[in-house]
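Descriptive structure summary
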Amino acid sequence: MTVTMDTLVSLCKRRGFVFQSSEIYGGTGSCYDYGPLGVELKNNLKRLWWRDFVQSRPDMVGIDASILMHPSVWKASGHLDNFTDPMVDCRECKLRFRADDVDTRPWTHYCAATKGNRFTIPAGEPCSHCGARRTLCPDCGKGELTAPRQFNLMFKTFMGPVEEEASVAYLRPETAQAMFVNFENVLQSMRLKLPFGIAQAGRSFRNEITPGNFIFRTREFEQMEIEYFVNPRDTVEGRPADEYWHDRWIADCMAWFRRYGLREENLRLREHGQDELSHYSKRTVDIDYRFPIGWSELMGIANRTDFDLKQHAKFSGKSLTYFDEERKEHVVPYVVEPASGVDRALLAFLADAYAEEEVRGEKRVVLRFHPELAPVKVAILPLLKKREEIVKTAHGIRDALAKQWRVVYDDTAAIGRLYRRQDEVGTPYCVTVDVQTIGDSEKGEAGDGKVTIRDRDSMEQARVPIDALPGVFHDLLSGGAWAQVASRYPATT
Ligand code: GAP
């Protein structure tokens, strides 16, 4: 099913994934706060990316650089001169628009042919009464627009106590540049051989003129970027190394998104046309996702050539080369850059996981998160919260499992409702402690020491001994199939 953005925004707020920033003060435009479940989901996403692309690969290392960098970094990278959007301002209401965006929005018109009546006319269309096209401000309909002026998207601030030109600093608009300026430090300290990559996940800031669509485009966001350096003189399988590795990274990134749940039919590759390529890029391919707003960029994978290292060498006066032992010469490596956004990936995983279905005549909303992404792995639910021993046993299980995973205890509703709540936040497994588990001491009945595990997706249940739970969840949460559990333990209803 295709979920709408409104449905996701409402679910995110209701269930503690994402809140509008500073909401009690009316909200901060395009800034969002991750709530208790959102932060778990986001941390899981970043951890999996780090595990799969850094920790498990012999050719990768990571860094964590500061957000404030030397201003020359942005001169060298081209951001000071090129990271701009042409903007126009309304002379009357002072609103600012991206020049290429003014005619993509409905416009306000005071029509002379109808005694100056006010109309809102669909984007790009003329007035149906007088035939006029938009020339004034689309919002107020009165003010003239200025000629386009370049507006830099970097947030400017000042380092130190004096607000003067010499102390200007910028919040980084991408994490990438720290990998280039630390190239020599990392190369020497880790004694690396080409090809190798440096990864970083962290915050970036862009004063986007048209942010929006929830967490899709915001002014403060997180990126997960890799700069993968290759020797441009090398060939791999008969192809230039940079071109070979570019295609390898495209395939690896696609496989990663599929592995954690994005469906094939919602993913596609989009090759940038020559007119669209960034100033540094030889070739760029986007992985697009079918978001609720339509097909849009999920991440980009660019072949940045030797542009960045050469620019930083030029501006810093430091040599940023690699000594090719075989050829006995210094080379400037080429770089392939898989650049993704944490928030945008999180939105894609949320949208893809969302499902509504009918179960015994009732609507069930379920987030079918991959177990490794799910914010809560296991919910422990006592069947009767008035039976002290049931509650005690349930807490004991929670405490034991919580040493390894995010596990919650909930006794605030009847079992049916507790299951629905966990489905709605994507918890893959629930454990129910009942009378059978603990027995009835007054009647002299011993408990069986077993609990019911419920699988979110199939809604099947199996009866499992308490002391087998850590082993069972270890298997299930590291990729094991529910069918294996179902075949080992008796089913229950
Ligand atoms: N270093 C290259 C670079 O930053 P980019 O295409 O501008 O390339 C990479 O950004 C990714 O960062 C995008 O594909 C997107 O996922 C994410 N991203 C960029 N701008 C964003 C914004 N304003 N809000 C949320 N995510 C953003």
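In case you missed it, the structure is sitting above this.
Cut-offs applied
- Residues numbered from 1 in each chain as written.
- Predicted model: local features only at pLDDT ≥ 70, side-chain atom pairs only at ≥ 80, totals over all residues.
- Heavy atoms only, no water.
- Buried < 20%, exposed > 50% of the residue type's maximum accessible area, 1.4 Å probe, protein only.
- Helix = DSSP H or I, 4+ residues; strand = E, 2+ residues; numbered from the N terminus.
- Arc of directions from axis to C-beta.
- Contact = heavy atoms within 4.5 Å.
- Polar contact = N/O pair within 3.5 Å; in protein donor to acceptor, adjacent residues only side chain to side chain.
- Pairing = 2+ DSSP bridges.
- Salt bridge = Lys/Arg side-chain N within 4 Å of Asp/Glu carboxyl O.
- Near = heavy atom within 4 Å.
- Areas by Shrake-Rupley, 256 points an atom, 1.4 Å probe, with all protein chains shown as cover.
- Nonpolar A, V, L, I, M, F, W, Y, C, P; charged D, E, K, R; others polar.
- Expected span 1.5 Å × (residues − 1).
- Axes fitted to C-alpha atoms, helices over the stretch in contact; angles between N-to-C directions.
- Patch = residues over 30% accessible without salt bridge, like charges linked within 9 Å, V, L, I, M, F, W, Y side chains within 5 Å.

Along helix α1 (residues 5-14), the positions that sit buried rather than exposed are Met5, Leu8, Leu11 and Cys12. The buried residues of α1 all sit within an arc of 130° when viewed along its axis, so they share a single face. Looking at α1, the residues exposed on the side facing more than 90 degrees away from the buried face are Asp6 and Arg14. Looking at the packing, one finds that the buried side of α1 touches β1 (18-20), α9 (342-353), β21 (354-359), β22 (362-367) and α11 (415-424). Looking at the residues trailing α1, positive phi occurs at Gly16, about 80°.

Let us look at the side chain of Thr114. Structurally, Thr114 is set in the loop between β6 (107-111) and β7 (117-121). Apart from residues no more than four positions distant in its own chain, Thr114 is found in contact with Phe119 and His129.

Mapped onto the elements, Tyr110 comes out in strand β6. Separated by 31 residues in the primary sequence, Tyr110 and Gly141 have C-alpha atoms spaced 6.9 Å apart. Contact partners of Tyr110, with chain neighbours within four places excluded, come to Gly116, Asn117, Arg118, Cys140, Gly141 and Lys142. Within polar-contact distance, the side chain of Tyr110 engages the side chain of Arg118 at 3.2 Å.

Another point: the sheet that holds strand β28 (residues 450-455). Taken together, the six strands give an open sheet; going across it, the order is β24-β23-β25-β28-β29-β30, and neighbouring strands pair in mixed fashion. Looking at strand neighbours, the two that pair on one side only are β24 (407-409) and β30 (491-492), the edges of this open sheet.

Side-chain pairs of opposite charge can arise whenever the charged atoms involved come near each other. For the coordinates displayed, the defined rule picks out 50 salt bridges. Note that Arg258 is salt-bridged to Glu264, the shortest N-O span being 2.6 Å.

Our focus in this paragraph is the site of the ligand. The ligand sits among 20 residues. The nearest are Glu174, Glu208, Thr218, Glu225 and Glu297. Within the side chain of Glu174, one N or O atom sits 2.7 Å away from a nitrogen atom of the ligand. Here an oxygen atom of the ligand sits 2.5 Å away from a polar atom, N or O, in the side chain of Glu297. When the ligand is considered free in solution it has 550 Å² of accessible area, and contact with the protein chains removes 90% of it. For the shell around the ligand, the secondary-structure elements that each account for two or more residues are β12 (220-230), β17 (294-305) and β20 (334-341). For the shell around the ligand, the element with the most residues is β17, which contributes five residues. Tallied by class, residues from the shell around the ligand come to six nonpolar, five polar and nine charged.

Before going further, it helps to examine helix α2 (residues 36-55). Here α2 contains 20 residues, and its C-alpha end-to-end distance of 26 Å stays within 8% of the 28 Å for a straight helix at 1.5 Å per residue. Considered for burial, the residues of α2 that qualify are Leu37, Gly38, Leu41, Lys42, Asn44, Leu45, Lys46, Leu48, Trp49, Asp52, Phe53 and Val54.

Another point: unusual backbone geometry. Glycine aside, a negative phi is what most residues show, and trans is what most peptide bonds show. Residue Leu194 is joined to Pro195 through a cis peptide bond whose omega torsion reads 0°. Tracing the backbone through its elements, the reader meets Pro195 in the loop between α6 (183-190) and β11 (196-205). Although it is not a glycine, Lys115 sits at a positive phi angle of roughly 55°. Among the structural elements, Lys115 can be located in the loop between β6 and β7. Lys115 sits in the exposed class, given a relative accessible area of 83%.

Taking strand neighbours across the sheet as the criterion, the seven strands line up as β3-β11-β12-β20-β17-β16-β15 in an open arrangement whose pairing is mixed. Pairing within the sheet leaves two strands with one partner each, and these edge strands are β3 (60-62) and β15 (267-271). The sheet shows a mean angle of 25° between the axes of neighbouring strands, taken without regard to direction. Sheet analysis places β11 next to β12, joined by 10 bridges and oriented antiparallel. Each bridged residue has a counterpart across the sheet, and for Gly197 the counterpart in β12 is Tyr228. Its contacts with the sheet place α6 against β3, β11 and β12, and it is angled at close to 140° to β11.

So, about a nonpolar patch on the surface. A cluster of nonpolar side chains, namely Leu383, Leu384 and Val435, defines an oily patch on the protein surface of about 220 Å² accessible area. Along the chain, the position of Val435 falls in helix α12 (residues 435-438).

Another aspect to go through is the pairing of β17. β17 sits mainly inside the fold: nine of its 12 residues count as buried. Inspection of the sheet shows strand β16 (residues 283-291) paired to β17 by nine bridges, in the antiparallel sense. The residue of β17 that forms the bridge with Phe291 is Gly294. Where β16 folds back on β17, the antiparallel hairpin that results is connected by two residues. In the sheet, β17 pairs with β20 via six bridges, with the strands oriented antiparallel. Note that in β20 the partner of Gly300 across the bridge is Ala339.

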